[in-house]
Number of protein chains: 4
Amino acid sequence: MKNIAILTSGGDSPGMNAAVRAAAKVAMNKGLKVFGIKRGYQGMLNDEIFEMSSRDVSGIIDRGGTVLLTARCPEFKQPEVRAKAAKILKKHDIQGLVVIGGDGSFHGADLIYKEHGIKAIGIPGTIDNDIAGTDYTIGFDTALNTVLDAISKIRDTATSHERTYLIEVMGRHAGDLALYSCLAGGGDALLIPEEGFKVHEVADQINKRREIGKLHDIVVVAEGVGSASDIASQLKGKVKSEMRVTVLGHIQRGGTPSALDRILATKMGAFAVEKLIEGKSGIMIGMESNKLVTYPISYAWEHKRELNEKDFELALTLAL
Amino acid sequence: MKNIAILTSGGDSPGMNAAVRAAAKVAMNKGLKVFGIKRGYQGMLNDEIFEMSSRDVSGIIDRGGTVLLTARCPEFKQPEVRAKAAKILKKHDIQGLVVIGGDGSFHGADLIYKEHGIKAIGIPGTIDNDIAGTDYTIGFDTALNTVLDAISKIRDTATSHERTYLIEVMGRHAGDLALYSCLAGGGDALLIPEEGFKVHEVADQINKRREIGKLHDIVVVAEGVGSASDIASQLKGKVKSEMRVTVLGHIQRGGTPSALDRILATKMGAFAVEKLIEGKSGIMIGMESNKLVTYPISYAWEHKRELNEKDFELALTLAL
Amino acid sequence: MKNIAILTSGGDSPGMNAAVRAAAKVAMNKGLKVFGIKRGYQGMLNDEIFEMSSRDVSGIIDRGGTVLLTARCPEFKQPEVRAKAAKILKKHDIQGLVVIGGDGSFHGADLIYKEHGIKAIGIPGTIDNDIAGTDYTIGFDTALNTVLDAISKIRDTATSHERTYLIEVMGRHAGDLALYSCLAGGGDALLIPEEGFKVHEVADQINKRREIGKLHDIVVVAEGVGSASDIASQLKGKVKSEMRVTVLGHIQRGGTPSALDRILATKMGAFAVEKLIEGKSGIMIGMESNKLVTYPISYAWEHKRELNEKDFELALTLAL
Amino acid sequence: MKNIAILTSGGDSPGMNAAVRAAAKVAMNKGLKVFGIKRGYQGMLNDEIFEMSSRDVSGIIDRGGTVLLTARCPEFKQPEVRAKAAKILKKHDIQGLVVIGGDGSFHGADLIYKEHGIKAIGIPGTIDNDIAGTDYTIGFDTALNTVLDAISKIRDTATSHERTYLIEVMGRHAGDLALYSCLAGGGDALLIPEEGFKVHEVADQINKRREIGKLHDIVVVAEGVGSASDIASQLKGKVKSEMRVTVLGHIQRGGTPSALDRILATKMGAFAVEKLIEGKSGIMIGMESNKLVTYPISYAWEHKRELNEKDFELALTLAL
């Protein structure tokens, strides 16, 4: 392993830069040449590949987003397109690839290795925490803290006006962001796709809170169960309190990464390069039980991350 | 003046608590008895009136929302309802009233004074900065900083994905929040109700940025010009870049008040009580040219706050 | 188990309130009566014990410090003093005790159980992360994020003036807060008690950075190695750059708890009550490998938490 | 006026970059060539002068510190050194100079204009708010918000432990930062150089608070009255409460600039360039009564900024 390249792909998440930095610095420290690929697989196809110096990763550890930029690249599903990409990588004599992104991004890494022998390792970077093989994905903790800050701001108005707020949070098909922001934010009701919900039960829960003297509610709605607006419409007439809906949107994707995300990303980035140097390929990095682990990269899409049932139960208990 | 009462009314805004605290502490310091009225005019009608102690205002200066709660009270427009309210105030021997809220809230204060002789002073509290007679309303600076934080987070994703983001900010019919968040946030285009806009010109501006090598855009849209979603639909096909819309929503209304809002609120709260003690009534407090001023309370709705044209021009110049 | 009591003891840390809330709500939910003890063991002696309602723990999840207050109580080391305390607890028919604090606080819990049969469970709450039997203590993640925010602010001045900053962080005898803030903050040198350091090597490292074109340095100094001021004096004359010292001090102890600390505290608080109900006593709660665990409470002071050597090595590698 | 140059000098402050950006963009917009001078007057002497493009000021509005770097340059007091500097400026055909910094930095600007005819305008940038001719200096509002955040964190521990905290804040010889952080932070005592204090009175005030049931105190100490440590020593034995001292230090100098600082800096930067184009020189820019004003640059050191006595009285009243 002499030359490696790093790319970020799919949706950006806070901490990606810390992973890029750690991977690049550790590789340089081991005497490797490091290339950055801009705009993910799209940039790979366009040969947007440059040799990185330590200056390129200086001062980026605390910046959200990705300095390598990111893009979607649907044509990478075609074998002939991947062949072209592999040719470009080989032109630069790149033998190893670090891909930071979601499970979709891991597919490309897997195939470029299997088809063209370029070693590739995936690092899970997404705010959704929806990848099997790791307890946390890079960006999840930052997004969680952003949601908590938003809940705290909205609670000021919820209490002042004695309203019911439905707050829609991200997470794609996964409920983790909603579950843990409810647990940590003191939410009063929680709707996530893994568990389903019945509108009349939610209404009952809100109405019951009025009976015991609680004068406002924070209902955390995972986007995976549908639009918070629609749910509010369904609740209308069933709850007595005044309702408002807030869709937190893209503020959840950015921001200075939290301590945990920077540490997670730094350790994963360094570990990925160590594994590449050891000759490993076709694997993804995970953090399980506080330990760095590896799985075959296909693990990411062949398994579904399970919701922590006990944490869900606890959130319900505390919501009462 | 022996007994005064304080209420918050209309939409809550960060800093209202600092105003309540300052008014209460200064009044107590002058030997007055201070009452808190819960839930604005609605609570006044329901006699939700309690004597405040210094303990009630302890530790509230840094909390968003309003500890006195707030509510809308449409029936207060009826003279007989106001008569009932005045009776309740007189029952408590309340001779002076401090009303913290928007121009709608000032109406009630004006009438209760004119019709029933209870002295009343208005303090402008709203994040919209849309009240004539003051350079700043309580809550505006905090909301502005919240919007800047959101812009900064969204820019991470905008730059990483090279997208055009339309960010819808509050402000009702006023463009101040949008204007100053664009100016301070380095926004690339600005749509506010006072100035209007042409869709094709916005599109031109965005396209022109691509030509000079700028790869992302932050377009700040005041809610007063309509929905950012609608505008995005109109722009579709006219701009080449990928677009996204974010409606910041109710996070703009809450949060720990900023230094400026706490100072503004503290000074206004103290000043209002001084004026009541001097025997003044039917006035609103303002901060103009860094000086505390008073206007007849009707000034708030008889005059329209003017947009600062020079600041608008500067925002346009810097957006290029 | 019918009646339990909760107290916080030793130095306060962010997240203690979330633990109090979860323990109280879960216990109430199970039909137990819950008492709060004010001012730790000192308050226990003074019978500052009150029955808690759900209102007492409402709205506290996002507040730093401890609503139960805390105090040191050296006389609790005397058996006759503990006998008096046990008598007071028995007067209230308190059969179970949840003690949130550091290892010093756990001693009292252990003895009151062994000597007087009152069941007691310890929850580790301290920003220092210096307790064996748990990967994280409540408050550590918040303190870490506070330190990162401070480093980020100081770096603005360090880069602008091209200076060397020595930043002294807390941690008592442990280096975790320094290690992980260096790792996550991109620190350029790290001095922690577990590893020691040689002044001339630190100087060499700083001077070497100048040679490779780095124009500022962030040196993270754990308080456990001594005062940053003293170290700066020793470095004087050995490094060419202008030096400044900042002692972060007590800002590291407070603040709204982070997501991780709230979740950790919530789970530990709930788990402690479950264990009490199961009849367990004389144990401490830990979070190891992302799982809730228990240890005999003496584990906290009989074992020393080990520094993660691999993380230390990584911090050194990335500091270069 | 065809070519202008911009430099930052003296201590850095948040918002300087926003001023650099606005000055540069407005000048470019008017067709001027813009130079950046690195490291203040020191860099001027070393000809560290480069032509700026819009790319150099892109993405800097929300960054603390100064991208132009800053340095002290005592030899600039010598006329022959200034002559050398002027020669270098003339070599680049620089006819106008924008100097962002404190009153010390303004001296150089004044002399280079008087002695060598290069037009120069000063913009007040310092967190200390100690410059006559302007209500606010760039960086003051950000520093104030940083101090408030620190007070809020420290109050968590102060209330939990029922202690008296002495918090030392910056401000050089000026008490503004201390005064307004006390006013906005709900401080319980205030020591500033403009007003002096008597140790026994401070002790009385703290002891009196205990009598009325207040169990903790935040004492805000301006660095201009001396070290908070020394004052704590003098208070020892006179107050019954446990005391702690925190020196906030250099975190007050950095950080993302607040909305107000960015707006202030942006307007001042743009205005300075307009004035240069109008042919003005030897002036400083101020913001008084919310309006941009100019003064002869010597105004900055010939006049002393007055403390607002009324605000001081209000802080005392509310501290009780």
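Residues numbered from 1 in each chain as written. Chains lettered and ligands numbered in written order. Predicted model: local features only at pLDDT ≥ 70, side-chain atom pairs only at ≥ 80, totals over all residues. Heavy atoms only, no water.

Looking at an unreviewed UniProt entry, chain A carries the name ATP-dependent 6-phosphofructokinase, with the source organism given as Haliovirga abyssi. Among the UniProt annotations of chain A, the heading Function (unreviewed entry) holds the following wording: "Catalyzes the phosphorylation of D-fructose 6-phosphate to fructose 1,6-bisphosphate by ATP, the first committing step of glycolysis." Within the UniProt record for chain A, the comment given under Subunit (unreviewed entry) is "Homotetramer." (UniProt positions renumbered as here; feature names shortened; annotations may be inferred.)

J.: Just to check I follow, could you spell out the overall build of chain A for this structure?
T.: From N to C terminus, chain A includes 11 helices and 11 strands. Taken over the C-alpha trace, chain A has a radius of gyration of 22 Å; the compact-globule value for 320 residues is 20 Å, and the two agree within 12%. Considered along the principal axes of its C-alpha atoms, chain A spans approximately 70 × 35 × 35 Å. Within chain A, the fraction of its 320 residues that count as buried is 65%. When the accessible surface of chain A is totalled, it reaches about 11,000 Å², and 49% of it is carbon and sulfur. Computed over 40 positive and 40 negative side-chain charges, the separation of the two mean positions in chain A equals 5 Å. (Helix = DSSP H or I, 4+ residues; strand = E, 2+ residues; numbered from the N terminus. Rg over C-alpha atoms; globule rule 2.2 N^0.38 Å. Buried < 20%, exposed > 50% of the residue type's maximum accessible area, 1.4 Å probe, protein only. Areas by Shrake-Rupley, 256 points an atom, 1.4 Å probe, with all protein chains shown as cover. Lys, Arg positive; Asp, Glu negative; His and termini not counted. Charge placed at Lys NZ, Arg CZ, Asp CG, Glu CD.)

J.: How do you make sense of the UniProt feature "binding site: Mg(2+)" (unreviewed entry) in chain A when you look at a structure like this?
T.: Residue and element names in this part refer to chain A. In the numbering adopted here, UniProt assigns the feature "binding site: Mg(2+)" (unreviewed entry) to D103. With respect to the helices and strands, D103 occurs in helix 4 (residues 103–116). Once residues within four sequence positions are removed from consideration, D103 is found in contact with I131, R172, A300 and W301. (Contact = heavy atoms within 4.5 Å.)

J.: Which parts of the structure should I look at to understand the relation of the copies chain D and chain B?
T.: Between the two chain copies there is a screw-like relation: a rotation about an axis and a shift along it. You can overlay chain D on chain B at an RMSD of 0.0 Å; the transform is a turn of 180° with a shift of 0.0 Å along its axis. Seen this way, the second copy is the image of the first under a two-fold rotation axis. Within chain D, S289 of chain D has its C-alpha nearest the rotation axis, a separation of 1.8 Å. Of all interface residues in chain D, 100% are interface residues in chain B too; the two copies therefore contact each other through one and the same surface. (Least-squares fit on C-alpha atoms with pLDDT ≥ 70 in both.)

J.: In this structure, what is going on with the interface of chain A and chain C? I would like to understand it.
T.: By a frequent convention, interface size equals the accessible area lost on bringing the separate parts together. At the interface, 44 residues of chain A touch 44 residues of chain C. Summing both partners gives a buried area of about 3,300 Å² for chain A against chain C, and 54% of it is carried by carbon and sulfur. Looking at the side of chain A facing chain C, the largest losses of area belong to I263, N290 and L318 of chain A, adding up to 15% of the total buried there. Counting every contact that joins chain A to chain C gives 4 salt bridges. The closest approach of N and O atoms between E274 of chain C and K310 of chain A, which form a salt bridge, is 3.7 Å. At the surface where chain A touches chain C, the tally comes to 13 residue pairs in polar contact (both at pLDDT 80 or more). For the side of chain A that touches chain C, the secondary structure elements donating two or more residues are helix 1 (16–29), helix 5 (140–161), helix 6 (176–185), helix 9 (259–277) and helix 11 (309–319) of chain A. Per-element accounting of the side of chain A that touches chain C gives the leading share, 8 residues, to helix 9 of chain A. Taken together, the residues that form the side of chain A that touches chain C break down as 16 nonpolar, 14 polar and 14 charged. (Buried area = accessible area lost by both parts, 1.4 Å probe. Salt bridge = Lys/Arg side-chain N within 4 Å of Asp/Glu carboxyl O. Polar contact = N/O pair within 3.5 Å; in protein donor to acceptor, adjacent residues only side chain to side chain. Nonpolar A, V, L, I, M, F, W, Y, C, P; charged D, E, K, R; others polar.)

J.: Where do I start with the environment of F35 of chain A in this structure?
T.: Residue and element names in this part refer to chain A. As for its position among the elements, F35 is in strand 2 (residues 33–37). For the pair F35 and T266, spaced 231 residues apart in sequence, the C-alpha to C-alpha distance is 18 Å. Setting aside anything within four residues of it in sequence, one finds F35 in contact with N3, I4, A5, I6, I49, F50, E51, M52, H92 and I94.

J.: In this structure, what is going on with the side chain of D128 of chain A? I would like to understand it.
T.: Residues and elements named next belong to chain A. Here D128 is to be found in the loop between strand 5 (119–124) and helix 5. Among the polar contacts listed, one links the side chain of D128 to the backbone nitrogen of G171, at a separation of 3.3 Å. Excluding residues that lie within four positions of it along the chain, D128 makes contacts with M170, G171, R172, A174 and D176.

J.: Explain the arrangement of the chains here, please?
T.: A gap remains between chain B and chain C, with no contact made and the closest C-alpha atoms lying 11 Å from each other. Left apart from each other, chain A and chain D have a closest C-alpha approach of 11 Å.

J.: Please clarify how the domain arrangement of chain A should be interpreted in this entry.
T.: Residue and element names in this part refer to chain A. Taken domain by domain, chain A comprises domain 1 (3–139 + 257–302) and domain 2 (141–253). Centre-to-centre separation of domain 1 and domain 2, based on C-alpha positions: 34 Å. Each partner contributes to the interface: domain 1 provides 14 residues, whereas domain 2 provides 12 residues. Together, the buried faces of domain 1 and domain 2 total about 1,100 Å²; carbon and sulfur atoms form 44% of this surface. Applying the counting criterion to the domain 1 and domain 2 interface returns 4 salt bridges. (Domains from an automatic or database assignment.)

J.: Even after reading the chapter, I still don't get the sheet that holds strand 10 (residues 283–288) of chain D, so can you show me in this structure?
T.: Pairing between sheet strands relies on hydrogen bonds along the backbone, with the strands arranged either parallel or antiparallel. All names here are of chain D. The 7 strands lie next to each other as 3-2-1-4-5-10-11, forming an open sheet whose pairing is mixed. Looking along the sheet, the strands with just one partner apiece sit at the ends: strand 3 (49–51) and strand 11 (291–296). Each neighbouring strand pair of the sheet contributes to a mean axis angle of 25°, computed without reference to strand direction. Of the strand pairs in this sheet, strand 5 (residues 119–124) and strand 10 are connected by 2 bridges, and their pairing is parallel. Residue G122 lies in a different strand from strand 10, and its bridge partner there is M284. (Pairing = 2+ DSSP bridges. Axes fitted to C-alpha atoms, helices over the stretch in contact; angles between N-to-C directions.)

J.: What is the right way to read the packing of helix 9 of chain A against helix 6 (residues 176–185) of chain C from this model?
T.: Two numbers describe a pair of packed helices, the interaxial angle and the distance between the axes. Following both chains from N to C, one finds helix 9 of chain A and helix 6 of chain C inclined at 75°, their axes separated by 9 Å at the closest point. One element, helix 9 of chain A, and the other, helix 6 of chain C, form an angle in the roughly perpendicular class. Contacts between helix 9 of chain A and helix 6 of chain C pair A259, R262, I263 and T266 of chain A from the former with Y180, L183, A184 and G185 of chain C from the latter. When its residues are assigned to classes, the contact of helix 9 of chain A with helix 6 of chain C shows 5 nonpolar, 2 polar and 1 charged. (Parallel < 35°, antiparallel > 145°, perpendicular 65-115°, else oblique.)

J.: What should I look at first to understand the sheet that holds strand 10 (residues 283–288) of chain C in this one?
T.: Residues and elements named next belong to chain C. Ordered by their spatial adjacency, 7 strands build an open sheet running 3-2-1-4-5-10-11, and the pairing between neighbours is mixed. Since the sheet does not close on itself, it has two edges, and those belong to strand 3 (49–51) and strand 11 (291–296), each with one partner. The average angle at which neighbouring strand axes cross in this sheet is 25°, direction not considered. Pairing of strand 4 (residues 96–101) with strand 5 (residues 119–124), which is carried by 6 bridges, proceeds in the parallel orientation. Bridged to L97 within strand 5 is A120.

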